[in-house]
Amino acid sequence: MKYFADCHFHVMTLSEPDFIAFLTSFQDSVSSILSANATNNYIITPQIMKGDQAVITLKNALSAFTQPIGDTFKMMEDDLKGLYTSKRKAEYAPVKPYIQDGTFHFRGMEAEHMLMIPLIMDFSTLDETNENIYYRMKGRDRIRAYAEATISGIREYMKAHPDGLFEFYPFLGMDPKLHSQGDIEELLETYINTTHRFHKHNEIPEKPCYGIKFYPPLGFRPWPNDKETLEKHRMLYSFCEKNRVPIITHADDQGFRGVSAEEAWANTDPASWRTVLENYPSLVIDFAHFGKQYAIAARGNMQSIAARLRHHPDSPWFYSIISLMEDFPSVYADLSFTGAYPEFYKELRTFLDDTGKDTAERILFGSDFSVNLFKTESYTEYFSIFERSPFTDEEIRMFAEENVIRFLSLSEEPPAPLRRRKAIARTERP
């Protein structure tokens, strides 16, 4: 294999997120606080609360958020080179470092480069977000500054690691309701690369981003009700479909919220994308985290109970994604963060074997670093859990190379003109 890809990870500092919006999301109702925390095995677990472990975990995670972005890129690669030592007796640890002698090693396979997709979140805000506080601030366009900080970080990494294995294909965050149509067009023109060409190693293309990132827990709604916002969404979806620009959308019921838990879940539910895909059936979209749900109430239905008895994934959103995969050939799902749970890999393996579902060709490996440090000790440990998963070497190669390259439509040659697939069961809502 030439590449080993991490299709989903985050590198940011504490200056990028909007913490005021995060706190505001808890003001809407007491039920938001209760429902958001009535979870099973997400971050706050009995194991993490033992002794000083909670503080150690938090300090370890914050280490990736309190340094420049370029330093975190360097730290990630140094970790895979074995330059850090585990501070606990980790069950999941590689026998040798993953990067040795300038090559990435995984099981018996070797890769010359690592295809890295950092996701640049759109933490932009509107004025009303802060309307009830004394030091009220104007809404801020945060996406440009974050994008430029990420590009600078990539440049710093390349300078420090000229022979490094990482090649970067970032995704640009976008919430159309926070930007004018003119601003959206400018962002697309400035940042989005539609060549579908591999770029040279240690090169940052003039247009550095190869896809769009949506994050519903901050308030993004796949098919909004108001006409003006919907038109901006439609313009963006049309652009992505016409130019085969892939999309990654958050698809578990946790994460950094900017709205109430109830609204975040309604926005995030993969089923809410069916109307989008019925209108734009050739849209290439990855549902992150494979629809994992941690809220206890989400898994009390008969479908979930039956799934647990079969040792299959028990989240209803998982099956919504499988349904979308069956109906739309360009729907993918990734293993980011969810892959911190070895049991999920076992459940997914059993599901694929029992059902014979032809979905392995649209599963992508992702880590959700640095967020996954709340569940794993290191970037290396996350890879080690994946290495010990019950998938074959060929499936690993598909998840971490072939499928990601197809998802990005990357080629050494210019792409052929796209023929838009005929819409199926088209339904349009106002």
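Residues numbered from 1 in each chain as written. Predicted model: local features only at pLDDT ≥ 70, side-chain atom pairs only at ≥ 80, totals over all residues. Heavy atoms only, no water.

Asker: Explain the overall build of the protein chain residue by residue, including any values.
Answerer: For the protein chain, the helix and strand inventory stands at 14 helices and 12 strands. Residue pairs in contact within the protein chain that sit at least 24 positions apart in sequence constitute 81% of those at least 6 positions apart. Roughly 18600 Å² of accessible area belongs to the protein chain as shown, and the carbon and sulfur atoms make up 53% of that amount. (Helix = DSSP H or I, 4+ residues; strand = E, 2+ residues; numbered from the N terminus. Contact = heavy atoms within 4.5 Å. Areas by Shrake-Rupley, 256 points an atom, 1.4 Å probe, with all protein chains shown as cover.)

Asker: Which residues make up empty space enclosed by the protein, and what values go with them?
Answerer: Overall, the coordinates contain 4 cavities of 30 Å³ or more when judged by the stated rule. The calculated volume of the largest cavity comes to roughly 60 Å³. What lines the largest cavity is simply M121, D122, G173, M174, D175, K213, F214, Y215, L218 and F220. (1 Å grid on protein atoms, 1.4 Å probe; cavity = no way out; pocket = protein on both sides within 12 Å on 5 of 7 lines; lining within 4 Å. Points joined across faces, edges and corners; volume = space filled by probe spheres on them.)

Asker: Explain unusual backbone geometry to me, using residue names and the numbers behind them.
Answerer: Here the bond from F369 into S370 is cis, since omega is 10°, no more than 30 degrees from zero. Mapped onto the elements, S370 comes out in the loop between β12 (363–364) and α13 (379–387). Not every positive phi belongs to a glycine, and D368 is a case in point at roughly 65°.

Asker: Tell me about helix α12 (residues 342–355), and please be specific about residues and values.
Answerer: Under the 1.5 Å per step criterion, the end-to-end length of α12 is 20 Å for 14 residues, consistent within 8% with the ideal 20 Å. Where the residues of α12 are buried, they touch α11 (316–327), β12, α13 and α14 (393–408). (Expected span 1.5 Å × (residues − 1).)

Asker: Can you break down the side chain of R349 residue by residue, with the values?
Answerer: Mapped onto the elements, R349 comes out in helix α12. Excluding residues within four positions of it along the chain, R349 makes contact with P390, F391, T392 and E395.

Asker: Hey, could you go over the packing of helix α5 (residues 143–160) against helix α6 (residues 181–191) for me, with residue numbers and the actual values?
Answerer: It is the contact of α5 with α6, at a shortest axis distance of 12 Å, that shows an interaxial angle of 10°. What the angle tells us is that α5 and α6 run roughly parallel. Between α5, through I143, R144, A147, E148 and I151, and α6, the contact on the second element is made entirely by D183, E186, L187 and Y191. For the contact of α5 with α6, a count of residues per class yields 5 nonpolar, no polar and 4 charged. (Axes fitted to C-alpha atoms, helices over the stretch in contact; angles between N-to-C directions. Parallel < 35°, antiparallel > 145°, perpendicular 65-115°, else oblique. Nonpolar A, V, L, I, M, F, W, Y, C, P; charged D, E, K, R; others polar.)

Asker: An account of the side chain of S384 is requested, with residue identities and associated values reported.
Answerer: If you trace the backbone, S384 turns up in helix α13. Under the relative-accessibility criterion, S384 is labelled buried at 0%. For S384, the side chain forms a polar contact with the main-chain nitrogen of A93, separated by 3.2 Å. Among all residues touching S384, those that are not within four sequence positions of it are Y92, A93, P94 and Y98. (Buried < 20%, exposed > 50% of the residue type's maximum accessible area, 1.4 Å probe, protein only. Polar contact = N/O pair within 3.5 Å; in protein donor to acceptor, adjacent residues only side chain to side chain.)

Asker: So what about the packing of aromatic side chains? Which residues, and what values?
Answerer: Throughout the structure, instances matching the rule amount to 44 aromatic pairs. Arranged with centres 5.8 Å apart and planes meeting at 35°, the rings of F4 and F383 form a pair that is tilted. Taken together, the positions of F4 in strand β1 (residues 3–9) and F383 in helix α13 put the pair 379 residues apart, joining distant regions of the chain. In terms of burial, F4 and F383 fall into one category: buried. A cation over an aromatic ring shows up here: K292 above the ring of Y294, its NZ or CZ 5.6 Å from the ring centre. (Phe/Tyr/Trp six-rings, centres within 6.5 Å; stacked < 30°, edge-to-face > 60°. Lys NZ or Arg CZ within 6 Å of the ring centre and 35° of its normal.)

Asker: Can you lay out the sheet that holds strand β3 (residues 103–106) for me, pointing to particular residues and giving the numbers?
Answerer: An order of β2-β3-β4 is seen for the 3 strands of this open sheet, with the pairing classed as antiparallel. Taken across any chain shown, the strands that pair with only one partner, and hence form the sheet edges, are β2 (99–100) and β4 (109–111). Across 2 bridges, the pairing between β2 and β3 is antiparallel. Among the inter-strand pairings, Q100 is bridged to a residue of β3, identified as T103. (Pairing = 2+ DSSP bridges.)

Asker: Can you tell me about the pairing of β1, naming the residues and giving the values?
Answerer: Of all 7 residues in β1, 7 are buried; the element is thus mostly enclosed. In this structure, β1 lies alongside strand β5 (residues 113–120), joined through 5 bridges in parallel fashion. Looking at β5, one finds that D6 is bridged to M116.

Asker: Run through the pattern of salt bridges, naming residues and quoting values.
Answerer: Two side chains of opposite charge can pair, provided their charged atoms sit close to one another. Within this structure, the stated rule accounts for 17 salt bridges. Its salt-bridge partner being D393, residue R107 comes within 3.0 Å of it at the nearest N-O pair. With R107 in the loop between β3 and β4 and D393 in helix α14, this residue pair connects regions lying 286 residues apart in the sequence. Between R349 and D353 there is a salt bridge, with its nearest N and O atoms 3.1 Å apart. With a gap of 4 residues between them, R349 and D353 both fall in helix α12, about one helical turn apart. (Salt bridge = Lys/Arg side-chain N within 4 Å of Asp/Glu carboxyl O.)

Asker: Outline the environment of W265, supporting the account with residue identities and numerical values.
Answerer: Positionally, W265 belongs in helix α8 (residues 261–268). Overall, W265 belongs to the partly exposed group, its relative accessible area being 21%. Taking C-alpha positions, W265 is 9.9 Å from Q293, a pair spaced 28 residues apart along the chain. A polar side-chain atom of W265 sits 2.7 Å from the main-chain carbonyl oxygen of D253.

Asker: Which residues make up a nonpolar patch on the surface, and what are the values?
Answerer: A cluster of nonpolar side chains, namely L14, L58 and L62, defines an oily patch on the protein surface of about 230 Å² accessible area. Within the fold, L14 resides in the loop between β1 and α1 (19–24). The class for L14 is partly exposed, based on a relative accessible area of 41%. (Patch = residues over 30% accessible without salt bridge, like charges linked within 9 Å, V, L, I, M, F, W, Y side chains within 5 Å.)

Asker: Could you give me a rundown of α11, with the residues and numbers involved?
Answerer: A rise of 1.5 Å per residue sets the reference length of α11, with its 12 residues, at 16 Å; its end C-alpha atoms lie 17 Å apart and thus fit the reference within 8%. Considered for burial, the residues of α11 that qualify are P316, W317, F318, Y319, I321, I322, L324 and M325. Taken together, the buried residues of α11 touch α8, α9 (274–279), β10 (285–287), α10 (302–309), β11 (331–334) and α12.

Asker: Residues and numbers for the confidence of the model for the protein chain, please.
Answerer: Confidence in the prediction for the protein chain averages 89 pLDDT; 86% of positions are at 70 or higher. Counted against residues more than four places away or in other chains, residues 419–430, with its pLDDT under 50, gives 29 contacts. (pLDDT = per-residue confidence, 0-100.)

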